[in-house]
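Secondary and tertiary structure notes
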Amino acid sequence: MKNEVRFINDLIDHKKKDKAFKKLLDLYQERLYWHIRKLVVTHENADDVLQNTFLKVYKNLSNFKQESSLHTWMYRIAYNESMRFLEQNKRNNYTSLDDIGKKYLNSLEEDVYFDGNEIQLKLQQILSKLSENQRKIFHLKYYDNLKFREIEDVLGINEGTLKSSYYNTVKYIEKNILTVELLEENKV
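Now for a description of the structure that goes with this document. Residue positions are counted from 1 within each chain, in the order its sequence is given. The predicted nature of this model means local features are confined to residues of pLDDT at least 70 and side-chain atom pairs, given and counted, to a pLDDT of 80 or more, with totals for whole chains, interfaces and linings taken over all residues. Calculation of side-chain values draws on the structure's entire complement of heavy atoms; hydrogens and water are dropped beforehand.

**Some thoughts on the overall build of the chain**
- The secondary structure listing takes helices from DSSP runs of H or I that are at least 4 residues long and strands from runs of E that are at least 2 residues long, numbered from the N terminus. Helices and strands together make up the secondary structure of the chain, namely 9 helices and 0 strands.
- Taken over 188 residues, the chain has a buried fraction of 39%.
- In the chain, 58% of the contacts between residues at least 6 apart in sequence involve partners at least 24 apart.
- We get accessible surface area from the Shrake-Rupley algorithm with a probe of 1.4 Å; when it comes to residues, only the shown protein chains can shield them. Carbon and sulfur atoms form 49% of the exposed surface of the chain, whose accessible area is close to 11900 Å². For every residue, the accessible area (1.4 Å probe, protein chains only) is compared with the maximum for its type, and the residue is labelled buried under 20%, exposed over 50%, or partly exposed between those bounds. Any two residues whose heavy atoms approach within 4.5 Å at even a single point are treated as in contact.

**Observations concerning the packing of helix 7 (residues 132-143) against helix 8 (residues 148-155)**
- Helix axes use the C-alpha atoms of the stretch in contact, all axes being lines fitted to C-alpha atoms, and the angles between their N-to-C directions lie in the range 0 to 180 degrees. With their axes 10 Å apart at the nearest point, helix 7 and helix 8 run at an angle of 135 degrees to one another. When the axes of helix 7 and helix 8 are compared, the pair comes out oblique. Regarding helix 7 and helix 8, the two cross each other, and that crossing is right-handed. Taking contact as the criterion, the partners of Lys136, Ile137, Leu140 and Lys141 in helix 7 are, on helix 8, Phe148, Ile151, Val154 and Leu155.
- For the contact of helix 7 with helix 8, the class distribution of residues is 6 nonpolar, no polar and 2 charged. Should an angle lie under 35 degrees it is considered roughly parallel, over 145 roughly antiparallel, and from 65 to 115 roughly perpendicular; all remaining angles are considered oblique. The handedness criterion is simple: a crossing whose near helix is rotated anticlockwise from the far helix by less than a right angle is left-handed, and one whose near helix is rotated clockwise is right-handed. Just so you know the grouping, Ala, Val, Leu, Ile, Met, Phe, Trp, Tyr, Cys and Pro go in nonpolar, Asp, Glu, Lys and Arg go in charged, and all remaining residues, Gly too, go in polar.

**Structural notes on helix 8**
- Listed as buried for helix 8 are Phe148, Glu150, Ile151, Val154 and Leu155. Take helix 8 and look down its axis: the buried residues cluster within an arc of 155 degrees, on one side only.
- Just past helix 8, the residue Gly156 takes up positive phi, approximately 75 degrees. Think of the arc as the fan of directions from the helix axis to the C-beta atoms.

**Quick notes on the pattern of salt bridges**
- Any Lys or Arg side-chain nitrogen located within 4 Å of an Asp or Glu carboxyl oxygen qualifies as a salt bridge. Going through the model one piece at a time under the given rule, you end up with 7 salt bridges.
- For Lys16, the salt bridge identified is with Asp10, shortest N-O distance 3.7 Å.
- For Lys16, a relative accessible area of 43% gives the class partly exposed.
- With a closest N to O distance of 3.4 Å, Lys163 and Glu159 form a salt bridge. Highlighted residues: Lys163 and Glu159, both in helix 9 (residues 159-187), separated by 4 residues, approximately one helical turn.
- Under the relative-accessibility criterion, Lys163 is labelled partly exposed at 33%.
- A relative accessible area of 27% means that Glu159 is categorised as partly exposed.
- Where salt bridges share partners, they join Lys56, Glu81 and Arg84 into one cluster.

**Some remarks on the nonpolar core**
- With 47 residues, the main nonpolar core has Leu24, Leu70 and Leu155 as its most contacted residues.
- Per element, the largest residue contribution to this core is 10 residues, and it comes from helix 4 (residues 70-93).
- Setting aside its immediate chain neighbours within four residues, Leu70 contacts Glu4, Phe7, Ile8, Leu11, Leu24 and Phe64. Side-chain atoms within 4.5 Å link the members of a nonpolar core, which is a set of buried Ala, Val, Leu, Ile, Met, Phe, Trp, Tyr and Cys residues.

**Focus: the packing of aromatic side chains**
- When two rings of Phe, Tyr or Trp (its six-membered ring) have centres within 6.5 Å they constitute a pair, described as stacked for plane angles under 30 degrees, edge-to-face for angles over 60, and tilted for the intermediate range. Enumeration according to the criterion identifies 11 aromatic pairs in this entry.
- Look at Phe148 and Tyr167: their rings are 5.9 Å apart centre to centre, the planes differ by 55 degrees, and that puts the pair in the tilted class. Taken together, the residues Phe148 in helix 8 and Tyr167 in helix 9 connect sequence positions 19 residues apart.
- In this structure Tyr167 comes out as partly exposed when scored by relative accessible area, which is 45%.
- Here the aromatic residues Phe138, Tyr142, Tyr143, Phe148, Tyr166 and Tyr167 are joined through ring pairs into a cluster of three or more.
- Geometrically, a charge over a ring is one whose NZ (Lys) or CZ (Arg) sits within 6 Å of the ring centre while staying within 35 degrees of the ring normal. It is Lys17 that lies over the ring of Tyr58; its NZ or CZ is 4.3 Å from the centre.
- A cation sits over an aromatic face here: Lys141 above Phe148, 4.7 Å from the ring centre.

What follows is the structure in structure tokens.
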């Protein structure tokens with residue numbers, strides 16, 4: 001924690017800000033990119049949202065109250081920027097977030113560069129059937145490996161509710177992956 005406080009101080013210090021921000025980009029750019037990409041689907045959209053995220057981080061570093069970790073604060077900004085982007089897209093295209101999720105699944109199935117195995121594709125198919133909130137919670141916990149306390153900070157949902165939703169989602173996924181596997185075994 002001492003190192004983070006020193007790092008934040010470097011980010012705020014006008015003499016050290018640019019060098020510290022470059023280090024921040026090196027540390028978090030890829031993780032935030034994939035977090036955003038899962039939410040906004042395409043590479044181009046993820047790049048745009050990532051750029052907006054880092055602009056907001058840069059402009060608001062002096063306002064960072066350190067009530068959460070820097071990592072959690074940036075995830076919250078990335079999440080909010082992603083949701084803002086999706087809402088703007090929804091208004092412009094009259095598309096629901098569920099439709100965007102289905103679009104993601106279709107693009108994944110057709111993507112020649114998708115290197116996931118069949119189980120990963122089945123997982124994405126199952127995830128596409130979950131509610132928007134269940135998907136968000138699952139992604140933040142499973143893929144982004146955030147602690148429930150951090151997810152609470154990002155989404156503003158009570159930790160107990162998050163745990164319940166996550167573990168129910170995991171049970172649902174396990175049940176459905178087994179069901180799909182059993183159905184496929186019976187086809188053979």
